[in-house]
Amino acid sequence: MDTNMDLLSHHLANNLVELRQRRNLTQSALAKLVDLPRSTIANLESGTGNPSLANLARLSSALQTSIDQLLSPQRTSATLIKASETPIQERSQGHVKVFKLLPDKLPSMEIDRMEIEPGFTMKGIPHAPGTKEYFHCVQGEVTVKISGAEYVVKKGDTLAFPGQVSHTYVNSGKVLGIGLSVVVLAPLSI
């Protein structure tokens, strides 16, 4: 690989083959889908083709990916985040810990592991209307107070509630309360 163009051709070839095969498409089926000759697809997958921007756009649309993804080096499909690298927010003078479990910022979801020491409380943050929140108890029991109602969530239980309402997590038990919080954020309206 002497030039940047050779490198881009190499990335495109690898990505096209992977994306096409992942979608169970033959070269002929992909060519028909994007209205190109099969030989063009074969040349691109061998790294010898030089596609126009219009053809790249057609391919990215058909494969439901971006042009950038087509031309980028392949990424590994897995990322290991070591416990020591997991962001932790401490609240209530360190008696409540919130572990941010998603390494990537997703515009529509949050997943946190919460650890609440016995006798301590954590106030939840109300979200935009339409947001759904789920709390799954992994250890102990946690009382979730939602707009005046109280729900005792024990090990293995899951509580689903509207995320826009005022809510508080209380560990009134004798052991560390551990739970997973999944927040599915409402789409932003413009």
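One can find the structure itself at the top, above this paragraph.
Rules and cut-offs
Residues numbered from 1 in each chain as written. Predicted model: local features only at pLDDT ≥ 70, side-chain atom pairs only at ≥ 80, totals over all residues. Heavy atoms only, no water. Pairing = 2+ DSSP bridges. Helix = DSSP H or I, 4+ residues; strand = E, 2+ residues; numbered from the N terminus. Axes fitted to C-alpha atoms, helices over the stretch in contact; angles between N-to-C directions. Core = buried A, V, L, I, M, F, W, Y, C linked by side-chain atoms within 4.5 Å. Buried < 20%, exposed > 50% of the residue type's maximum accessible area, 1.4 Å probe, protein only. Contact = heavy atoms within 4.5 Å. Salt bridge = Lys/Arg side-chain N within 4 Å of Asp/Glu carboxyl O. Parallel < 35°, antiparallel > 145°, perpendicular 65-115°, else oblique. Left-handed = near helix turned anticlockwise from the far one by under 90°. Nonpolar A, V, L, I, M, F, W, Y, C, P; charged D, E, K, R; others polar.

A. The sheet that holds strand 4 (residues 121-123), seen in detail. Strand order in the open sheet formed by four strands is 4-9-6-7, and the pairing between neighbours is antiparallel. Pairing within the sheet leaves two strands with one partner each, and these edge strands are strand 4 and strand 7 (149-154). Going from strand to strand, the sheet's axes swing by 20° on average, the running direction of each strand aside. For strand 4 and strand 9 (residues 167-170), the ladder comprises three bridges, and the chain directions are antiparallel. Looking at strand 9, one finds that K123 is bridged to T168.

B. Main features of the nonpolar core. Of all hydrophobic cores here, the largest spans 15 residues; its most connected members are M114, F135, V144, F161 and Y169. Elements with a minimum of two residues in this core: strand 2 (96-100), strand 3 (109-116), strand 5 (132-139), strand 6 (141-146) and strand 8 (158-162). Top element by residues in this core is strand 6. It accounts for three residues. Beyond its immediate chain neighbours, meaning those up to four positions away, M114 contacts K97, V98, M122, F135, Y169, G177, I178, G179 and S181. L12, L16, L36 and L70 belong to the second largest nonpolar core, which has 13 residues in total.

C. Region of interest: the sheet that holds strand 8. With antiparallel pairing, six strands are arranged side by side in an open sheet as 1-2-3-10-5-8. Looking at which strands have only one partner, the edges of the open sheet turn out to be strand 1 (88-91) and strand 8. Here the average twist between neighbouring strands, direction ignored, is 20°. Looking at chain direction, strand 5 and strand 8 are connected through five bridges and run antiparallel. Along strand 8, the bridge assignment pairs F135 with L159.

D. How the structure looks around the pattern of salt bridges. In the structure shown here, the tally under the stated rule is six salt bridges. Of the charged contacts, one joins R113 and E115 as a salt bridge, the two residues approaching to 3.1 Å between their closest N and O atoms. For R113, a relative accessible area of 28% corresponds to the partly exposed category.

E. Region of the structure containing the packing of helix 2 (residues 27-34) against helix 3 (residues 38-46). Across the interface, helix 2 lies against helix 3 with an axial gap of 8 Å and an inter-helix angle of 115°. One finds that helix 2 runs roughly perpendicular with respect to helix 3. Between helix 2 and helix 3 the crossing geometry is right-handed. Counting all contacts with helix 2, which are made through Q27, S28, L30, A31 and V34, the residues of helix 3 involved are R38, I41, A42 and E45. Looking at side-chain class alone, the contact of helix 2 with helix 3 contains five nonpolar, two polar and two charged residues.

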